Amino acid sequence: MLNAYFHTLSLHPQAAQLQQVLGLYEATDSQSLAADMAYHPLAQHLGALVLDDTDTSNHHLLATQGPLAGHVVYLSHDGDSRAVFANWADWLQAAERALQQGCDVAELHPAHAPIAPDQGALAAALQALVAADASEAAIALLPSLDLTAPRHAALLQAWAVDDDFYLGEALALQIALRPDARLQALAERCAAHPHPQVVQAGHSA
């Protein structure tokens, strides 16, 4: 996967522009920055390689392990981290469009995160991350969970009432992004949370 991506990028007819204008990394620089970011819980969980640097604190990461392996994840320090592309080919196509349109790749993110193919593994990862006090990383993975799957009901109900209000807020925001009548009771549970941020998000959902 990694060799295929960097090989394709090296042979791309616009490789120099993609690197200079959009900050796409070659393999050596990507691996070097990945080592520098190994402290970050999300980067650790993903076994991530860093794909770009646009002179901001935000980066696109290529996950090499876990339930999102192969996905491109946007690490945003504004709290909107999530998977944005299901594979590196989609990411590279978006970079090509961004170069043509003179914009950042982040402006071409799809509205919704791709749903992870292994939902069981993703649910287990969410539970493990929360248990390890890595809620920020768990929240970044949540958008790839199928909220309507019955097997996730207990997990999501626990998030809706958790003392860590960021979990309930994140859940309610995801319900609002992907509204479904089957999630109404869950949204109402969020709206009944003691913390006002969860209540507000729950009412929006």
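Residues numbered from 1 in each chain as written. Predicted model: local features only at pLDDT ≥ 70, side-chain atom pairs only at ≥ 80, totals over all residues. Heavy atoms only, no water.

Enquirer: Would you mind showing me how to read the packing of helix α9 (residues 165-177) against helix α11 (residues 196-204) here?
Expert: For any two helices packed against each other, the geometry comes down to the angle between their axes and how far apart the axes lie. Contact geometry for α9 and α11: axes closest at 8 Å, N-to-C directions at 15°. Considering their axes alone, α9 and α11 lie roughly parallel with respect to each other. The crossing of α9 and α11 is left-handed. Facing α9, whose interface residues are F165, Y166, G168, E169, A172, L173 and A176, α11 presents Q197, V198, A201, G202 and S204. Its residues assigned to classes, the contact of α9 with α11 comprises 7 nonpolar, 4 polar and 1 charged. (Axes fitted to C-alpha atoms, helices over the stretch in contact; angles between N-to-C directions. Helix = DSSP H or I, 4+ residues; strand = E, 2+ residues; numbered from the N terminus. Parallel < 35°, antiparallel > 145°, perpendicular 65-115°, else oblique. Left-handed = near helix turned anticlockwise from the far one by under 90°. Contact = heavy atoms within 4.5 Å. Nonpolar A, V, L, I, M, F, W, Y, C, P; charged D, E, K, R; others polar.)

Enquirer: Would you take a moment to explain the side chain of H40 for this structure?
Expert: Along the chain, H40 falls in the loop between α3 (27-36) and α4 (41-46). The class of H40 is buried, set by a relative accessible area of 7%. Among all residues touching H40, those that are not within four sequence positions of it are L75 and E136. (Buried < 20%, exposed > 50% of the residue type's maximum accessible area, 1.4 Å probe, protein only.)

Enquirer: Which parts of the structure should I look at to understand the packing of helix α8 (residues 153-161) against helix α10 (residues 184-191)?
Expert: Here α8 crosses α10 at 20°, and the two axes come no closer than 8 Å. Between α8 and α10, the angle falls in the class roughly parallel. Of the two elements, α8 crosses α10, and the hand of that crossing is right-handed. Across the interface between the two elements, L156, Q157, A160 and V161 of α8 pack against L186, R189 and C190 of α10. Split into classes, the residues belonging to the contact of α8 with α10 amount to 5 nonpolar, 1 polar and 1 charged.

Enquirer: Mind showing me how you'd approach the confidence of the model for the protein chain here?
Expert: Note: predicted coordinates in regions of low pLDDT should not be interpreted at a detailed level. Averaged over all residues, the pLDDT of the protein chain equals 93, while 100% of them reach at least 70. By mean pLDDT, the top-scoring element of the protein chain is strand β4 (residues 82-85) (98), and the lowest-scoring one is α3 (82). (pLDDT = per-residue confidence, 0-100.)

Enquirer: What is the right way to read α8 from this model?
Expert: What sets the pattern is the α-helix's 3.6 residues per turn: residues three or four places apart point alike. Restricting attention to buried positions, one finds in α8 the residues L155, L156, W159 and A160. Buried residues of α8, viewed axially, fall in a sector of 140°; they line one side. Those residues of α8 hidden inside the fold are in contact with α6 (119-131), α7 (135-141), α9 and α10. (Arc of directions from axis to C-beta.)

Enquirer: I'm lost on the sheet that holds strand β3 (residues 72-75) in this one. Help?
Expert: In sheet architecture, strand pairing relies on hydrogen bonds along the backbone and comes in two forms, parallel and antiparallel. On the basis of which strands lie adjacent, the open sheet formed by 4 strands has the order β1-β2-β3-β4 and antiparallel pairing. This sheet does not close on itself; its edge strands, each paired only once, are β1 (49-50) and β4. Bridge count for β1 against strand β2 (residues 59-62) is 2 bridges, and the pairing is antiparallel. By the bridge assignment for β2, L49 is matched with L62. Sheet strands touched by helix α5 (residues 88-101): β2, β3 and β4. Its angle to β4, the strand with the most contacts, is close to 75°. (Pairing = 2+ DSSP bridges.)

Enquirer: Honestly, the pattern of salt bridges in this entry has me stumped. Any pointers?
Expert: Where charged atoms of side chains with opposite charge meet at close range, the side chains can pair. Tallied over the entire structure, the rule returns 1 salt bridge. Linking D180 and R182 is a salt bridge whose minimum nitrogen-to-oxygen distance equals 2.9 Å. For R182, a relative accessible area of 59% gives the class exposed. (Salt bridge = Lys/Arg side-chain N within 4 Å of Asp/Glu carboxyl O.)

Enquirer: What is the right way to read the packing of aromatic side chains from this model?
Expert: When we look at a pair of aromatic rings, we describe it by the centre distance and by the angle of the planes. One pass over the full model with this rule turns up 3 aromatic pairs. Taken together through their ring pairs, the aromatic side chains of Y5, F6 and W88 make up a single cluster. (Phe/Tyr/Trp six-rings, centres within 6.5 Å; stacked < 30°, edge-to-face > 60°.)

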